[in-house]
Amino acid sequence: MIKHIFSGIALCAMGLLVSCEDSDLPGLGKEANTTFSGDKLVLTYGGSAMQGKQIKFHTYDGEKASIEMSGVLDLAALFPSENLPEIGLLAPGVVPGEIITQLDNVPLTLGADGSTYSFSGTDTSNGRELTYSGQVSADQMTMDIQVKMPDDNLTGTWNLASGQSLTMVWDSDATIDLGGNAISTSMVASMAGPLLSQLIADKVQTFSFHEDGNIVLSYKKSGSDTWQDSPLNMAQYYLKDGKLYVQLNASEIISTITRTRAGILDMVGMLGDLVSYLSEGIPLKYEQAGDGSVTLTLATEDAKALLKLLTIDFVSDKIVSALPENAQSIVQPVLEKLPDLLDATTTLEIGLKVEK
C-alpha cells in the first residue's frame, strides 16, 4: 500500500513539473521558439539587407534567450517556379569566418501588447565586436547587426596594379588545339594574363575592404559607361593563418543568374564538391610587398576545383558571349577542353595584384 502511495505522489509530482514546463509564459511566451528564414526573417548587416541566412531563437523563461545565426541555401525558395526539391547545403554564416554565431543570455523585453520580444546587446568574440538589436514575434523576426572585424592592413580602397594586374602559371601535360596548332597551357597562360588584365580593368575600377568584412567592387555593367558599387553582403572576407578567405553569398549571387532548370541542376551537382568553399570561403595566399601592394593568389588545388564551375554550359556560354570577338576564338577551345586540361594539370596559380 505504502509503495503505491509513494508511486502516486511521484506521478503527481512529475505531472506538475511537466505542466509547469508546458505552460505558457506571460504574453508571447514560447511561441517564438523556432528557426526564422526566408520571408519570416528580416536581417540587415551593416544597414543593408542580407539574404541566405537563418536564425534560431529559443527562450525558456521569457526573460533571456539564445540566438543562433547561420547560413542556409534553400533552392526551393530561390526558384519556386522550378519545383526543385529542398536541398540542404552549407553556406557562409552571418559574420565572416563564423559558420555559426551563438549569442547566449540575450535579455528580452516583452512588448506592451504581449505579442513581441525586443532585444539588444553587444558580443565580443574572435577579436571582433558585434552589436545587435531586434524584435521577434510568433511568425517573424527582425534583426540588425553591426560588426567591427579585427584590424588588418587591407581595410580601405584598392586599385588594380598598373600594367598587368593578373598573372597565371599553368603547367599541364595536355595541349589545346588553336587553329590546328597544339598549344601548351603555359603558352595559353602567358597570353591570358595580359588579356584578362585588360578585361578586368575595363570592368572593375576599385576593390574596397570594409571594417565589417564586406568587399565592395566599383564596376561597370555591360553597355554602361558609369561606375557603380556592388551590393553589400554579396561578398565578405576574413584573414586566418596567413590567408585571406573570400566568402560569397550564394543566395544573393544565384538569384542574379539565368534561371533555367538545367543550369541550376548542373550547378547543384557541382556545388556538392565545393561545400567547404561555400561555408568557409575561397582561400587566397596573401602577400604584401615592400611598396605596399598586395598580391592575392589562388593555389593549384583550389583553382582546379573552382574552375570546374566553368564547365557548366550556361556559365561557359555567358563567359564567351561577354568577351570581345578577338578573344572568343582563344577562350572557347580552352573551355571546351577544360575538364581534360584540369585532370592533366600539375600547377595552376592565378594571382591578382592590387595597390593603393
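What you are looking at is a predicted structure, and each value in this text was computed from that prediction instead of being measured. (Residues numbered from 1 in each chain as written. Predicted model: local features only at pLDDT ≥ 70, side-chain atom pairs only at ≥ 80, totals over all residues. Heavy atoms only, no water.)

Student: Whenever I open this one, the overall build of the protein confuses me. Can you help?
Tutor: Secondary structure assignment for the protein yields ten helices and 22 strands. Put simply, the protein has 356 residues, and 42% of those count as buried. Excluding contacts between residues fewer than 6 apart, the proportion of contacts in the protein whose partners are at least 24 apart in sequence is 61%. Accessible area of the protein: about 18,600 Å², with a carbon and sulfur share of 53%. (Helix = DSSP H or I, 4+ residues; strand = E, 2+ residues; numbered from the N terminus. Buried < 20%, exposed > 50% of the residue type's maximum accessible area, 1.4 Å probe, protein only. Contact = heavy atoms within 4.5 Å. Areas by Shrake-Rupley, 256 points an atom, 1.4 Å probe, with all protein chains shown as cover.)

Student: What am I meant to see in helix H3 (residues 185-203) here?
Tutor: Structurally, the α-helix is built with 3.6 residues per turn, so residues lying three or four positions apart point the same way. With 19 residues, H3 extends 26 Å between its outermost C-alpha atoms, agreeing within 8% with the 27 Å of an ideal straight helix rising 1.5 Å per residue. Its axis deflected by about 30° at Ala192, H3 carries its strongest bend there, up to four residues before the proline Pro194. All of the buried residues along H3 are Thr185, Val188, Ala189, Ala192, Gly193, Ser197 and Leu199. (Expected span 1.5 Å × (residues − 1). Bend = angle between axes of the 7 residues up to and from the residue.)

Student: It is not clear to me how the packing of aromatic side chains should be interpreted in this structure. Could you clarify?
Tutor: The geometry of an aromatic ring pair is captured by the separation of the ring centres together with the interplanar angle, meaning the angle of the planes. Taken as a whole, this structure holds four aromatic pairs when the rule is applied. Measuring from ring centre to ring centre gives 6.4 Å for Phe57 and Tyr117, while their planes differ by 25°; the resulting arrangement is stacked. In this pair, Phe57 is assigned in strand E4 (residues 53-59) and Tyr117 in strand E8 (residues 117-125), connecting sequence segments 60 residues apart. The residues Phe57 and Tyr117 share a single accessibility class, namely buried. (Phe/Tyr/Trp six-rings, centres within 6.5 Å; stacked < 30°, edge-to-face > 60°.)

Student: For this particular structure, what's the right way to read the pattern of salt bridges?
Tutor: Two side chains of opposite charge can pair, provided their charged atoms sit close to one another. A full pass over the atoms with the stated rule returns four salt bridges. With a closest N to O distance of 2.8 Å, Glu98 and Arg128 form a salt bridge. Linking Glu98 in the loop between helix H2 (75-78) and strand E6 (100-107) with Arg128 in strand E9 (residues 128-136), this pair joins segments that are 30 residues apart in sequence. With its nearest N and O atoms 3.8 Å apart, the salt bridge here joins Glu287 to Lys285. Salt bridges sharing partners connect three or more residues here, namely Glu98, Asp123 and Arg128. (Salt bridge = Lys/Arg side-chain N within 4 Å of Asp/Glu carboxyl O.)

Student: I tried to follow the sheet that holds strand E1 (residues 34-37) on my own but got confused; where do I start?
Tutor: Strands sit in the order E1-E4-E5-E6 across an open sheet of four strands; the sheet is antiparallel. Taken across any chain shown, the strands that pair with only one partner, and hence form the sheet edges, are E1 and E6. Averaged over all adjacent pairs, the angle separating strand axes in this sheet is 20°, with direction ignored. Relative to strand E5 (residues 64-71), E4 runs antiparallel, the two being bridged by seven bridges. Residue Gln54 lies in a different strand from E5, and its bridge partner there is Ser70. (Pairing = 2+ DSSP bridges. Axes fitted to C-alpha atoms, helices over the stretch in contact; angles between N-to-C directions.)

Student: Explain the nonpolar core to me, please; I cannot follow it from the model alone.
Tutor: Soluble globular proteins tend to pack their nonpolar side chains together in the buried interior. Core analysis: the largest hydrophobic core is formed by 45 residues, its most contacted members being Leu154, Trp170, Phe209, Leu244 and Leu348. Ignoring sequence-local partners within four residues, the contact set of Trp170 consists of Thr185, Ser186, Val188, Ala189, Val334, Leu338, Leu341, Thr345, Thr347 and Leu348. Counting residues in each nonpolar core, the second largest holds 30 residues, with Leu25, Ala32, Val136 and Tyr245 among its members. (Core = buried A, V, L, I, M, F, W, Y, C linked by side-chain atoms within 4.5 Å.)

Student: How should I be thinking about unusual backbone geometry in this particular structure?
Tutor: Of note in this structure, Asn126 is not a glycine but carries a positive phi near 55°. Within the fold, Asn126 resides in the loop between E8 and E9. Notably, Asp241 is not glycine yet its phi reads approximately 55°, a positive angle. Examined against the element boundaries, Asp241 turns out to sit in the loop between strand E18 (235-240) and strand E19 (243-248).

Student: Is there a simple way to explain the environment of Leu160 in this structure?
Tutor: Relative to the helices and strands, Leu160 is located in strand E11 (residues 156-160). Relative accessible area serves as the criterion here: at 13%, Leu160 is assigned to the buried category. Taking the C-alpha atoms as reference, Leu160 lies 6.2 Å from Glu355; in sequence the two are 195 residues apart. Ignoring any residue separated from it by four or fewer positions in sequence, one finds Leu160 in contact with Ser165, Ile200, Ala201, Val204, Gln205, Phe207, Leu352, Lys353 and Glu355.

Student: Explain the sheet that holds strand E3 (residues 48-49) here, please?
Tutor: Either a parallel or an antiparallel arrangement is found when strands of a sheet pair, and the pairing is made through backbone hydrogen bonds. Spatial ordering of the open sheet is given by E3-E2-E10-E9-E8-E7, a layout of six strands whose pairing is mixed. In this open sheet, the two edge strands, each paired with only one partner strand, are E3 and strand E7 (109-110). Pairing of E7 with E8, which is carried by two bridges, proceeds in the antiparallel orientation. Its bridge partner lying in E8, Thr109 is registered against Ser118.

Student: Explain the confidence of the model for the protein here, please?
Tutor: A low pLDDT score tells you not to read the predicted coordinates there in detail. In the predicted model, the protein carries a mean pLDDT of 84, and 81% of its residues have values of at least 70. Long-range and interchain partners of residues 1-23, a stretch whose pLDDT sits below 50, account for two contacts in this model, where long-range means more than four residues apart. (pLDDT = per-residue confidence, 0-100.)

Student: Would you mind showing me how to read the environment of Lys220 here?
Tutor: Assignment of secondary structure puts Lys220 in the loop between strand E16 (215-219) and strand E17 (228-229). Take Lys220: its relative accessible area is 22%, and that puts it in the partly exposed class. Sequence separation of Lys220 and Gln205 is 15 residues, and the distance between their C-alpha atoms is 8.2 Å. Apart from the residues lying within four places of it in its own chain, the contact partners of Lys220 are Asp202, Lys203, Asp225, Thr226 and Trp227.

Student: Which parts of the structure should I look at to understand the pairing of strand E21 (residues 294-298)?
Tutor: For a regular strand, side-chain orientation follows a simple rule: the groups alternate between the two sheet faces. Along E21, four of the five residues are buried, which leaves the element largely enclosed by surrounding structure. As paired elements, strand E20 (residues 282-288) and E21 share four bridges and run antiparallel to each other. Along E21, the bridge assignment pairs Lys285 with Thr297. Two successive antiparallel strands, E20 and E21, enclose a turn made up of five residues, where Gly292 displays a positive phi of approximately 95°. As paired elements, E21 and strand E22 (residues 345-355) share five bridges and run antiparallel to each other. If you follow Val294 over to E22, its bridge partner there is Val354.

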